[in-house]
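What follows is each chain in one-letter form.
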Amino acid sequence: MKAARRWLPWLLWPALYAAGLLAAAAAFASAAPLAWFNAAYLSLALAIALLERWLPHEPRWLADDGQTPCDLAHTLLTKGAAQVVAALAASLPLAGAMALRPSAHGTAWPVHWPLAAQVVLALAVVELGLYIAHRGAHEWPPLWRFHALHHGVRRLWVANTGRFHVVDSAFKALLGQLPLYLLGAPLAVFLWVGAVTAVTGLLTHCNIELRTGWLDRVFSTPALHRWHHSRSPAEGNRNYGENLVLWDLLFGTWYRPARRPPADIGIDGEIAAGFLAQLAQPFTASGTRRIMGLSPVPRHNGPPSPPDAGDRIGRT
């Protein structure tokens, strides 16, 4: 058992990542790809949840914070709705282009490449849009008020993988997917980008003790994302990559110091306690003040922060 606990942290991330992608490949080859992919996704999430109990990175994050129903509701409802909104919005420029150039043929996308190569290219393209959207959400207060919902958690675990405001999700999906639509990427590429993003998201937020080593220079890993949830802007305003860290490396926002990430995470402001209230909060002046930490109200999403916690993400 001691030997297993010593080696498992090094083996689990690639094993779980490969298992998720192999399950996606089997689902896409079936007669009901979306149904089987959802089943594979839920199975992977359940496996991660069990491993979190057995081999936690941060034991204190196992404690219930009362936000599990909201976390699941955002994952199942608002994030899915955002994908639909983004797809419709991204389709409008294509419809206009087709109307203006009805005789145009061909596509700028390298459809003759092997599918794996197309997916790698698509990830690099998508990541640039996601990087811009994600960094903007941290550095521009009008966007931060929506993105703060994700950072308002006091623990990281598999259930809050999809805890995003619908506006935040739609904006990121639009900037990420629009280039693929305009370049004419085929449906299979979109499906695989979605699968990679889903699997990566489950792993980046998991509370499992993992060692990823050199993989931190390629993928968005839990080791990197835990720093992204730091309360300190100097640490939290880094590691914006969703799947890859290519653009973080190029723009100087990659961050991986040789010490343990902070366990006390969250924001200076307050996020509403209920699901519907969380959706409505950024649209009101009083709700925005609470998100920004400008109203002296008690927290409802976890224990109080220590008095010396310092500056917070989202402060202007």
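These notes cover the structure that comes with them. The shown structure was predicted, so the numbers you read here are calculated from the model rather than taken from an experiment.

Here is what the cut-offs are and how they apply
Residues numbered from 1 in each chain as written. Predicted model: local features only at pLDDT ≥ 70, side-chain atom pairs only at ≥ 80, totals over all residues. Heavy atoms only, no water. Patch = residues over 30% accessible without salt bridge, like charges linked within 9 Å, V, L, I, M, F, W, Y side chains within 5 Å. Areas by Shrake-Rupley, 256 points an atom, 1.4 Å probe, with all protein chains shown as cover. Salt bridge = Lys/Arg side-chain N within 4 Å of Asp/Glu carboxyl O. Helix = DSSP H or I, 4+ residues; strand = E, 2+ residues; numbered from the N terminus. Core = buried A, V, L, I, M, F, W, Y, C linked by side-chain atoms within 4.5 Å. Buried < 20%, exposed > 50% of the residue type's maximum accessible area, 1.4 Å probe, protein only. Phe/Tyr/Trp six-rings, centres within 6.5 Å; stacked < 30°, edge-to-face > 60°. Lys NZ or Arg CZ within 6 Å of the ring centre and 35° of its normal.

Some thoughts on a nonpolar patch on the surface
Alright, step 1. A contiguous nonpolar surface patch, about 380 Å² in accessible area, is contributed by Trp-7, Trp-10 and Leu-11.
Alright, step 2. Structurally, the position occupied by Trp-7 is in helix H1 (residues 2-28).

Details of the pattern of salt bridges
Alright, step 1. Following the criterion strictly, the structure yields 12 salt bridges and no others.
Alright, step 2. The partner of Asp-264 in a salt bridge is Arg-154, and the shortest N-O contact between them spans 2.8 Å. You can see Asp-264 sitting in the loop between helix H10 (246-251) and helix H11 (275-280) and its partner Arg-154 sitting in the loop between helix H5 (141-151) and helix H6 (166-183), a full 110 residues away along the chain.

Re the nonpolar core
Alright, step 1. In terms of nonpolar packing, the biggest core is built from 41 residues, with Ile-48 and Ile-208 touching the most fellow members.
Alright, step 2. For this core, the elements supplying multiple residues, two or more each, are H1, helix H2 (33-54), helix H4 (115-139), H6 and helix H7 (187-204).
Alright, step 3. Per-element tally for this core: the top contributor is H7, with 10 residues.
Alright, step 4. Judged by nonpolar contacts, the second largest core, of 7 residues, contains Leu-149, Ile-271, Ile-291 and Met-292.

Examining the environment of His-138
Alright, step 1. Of note, His-138 is situated in helix H4.
Alright, step 2. Accessibility expressed as a relative area gives 5% for His-138, which makes it buried.
Alright, step 3. When the C-alpha atoms of His-138 and Pro-233 are compared, they prove to be 9.1 Å apart, with 95 residues separating the residues in sequence.

Looking at the packing of aromatic side chains
Alright, step 1. Following the criterion strictly, the structure yields 12 aromatic pairs and no others.
Alright, step 2. Put simply, the rings of Phe-28, Phe-37, Tyr-41 and Trp-192 touch in pairs and so form one group of aromatic residues.
Alright, step 3. Above the ring of Trp-254, the side-chain terminus of Arg-217 is found at 4.0 Å from the ring centroid.

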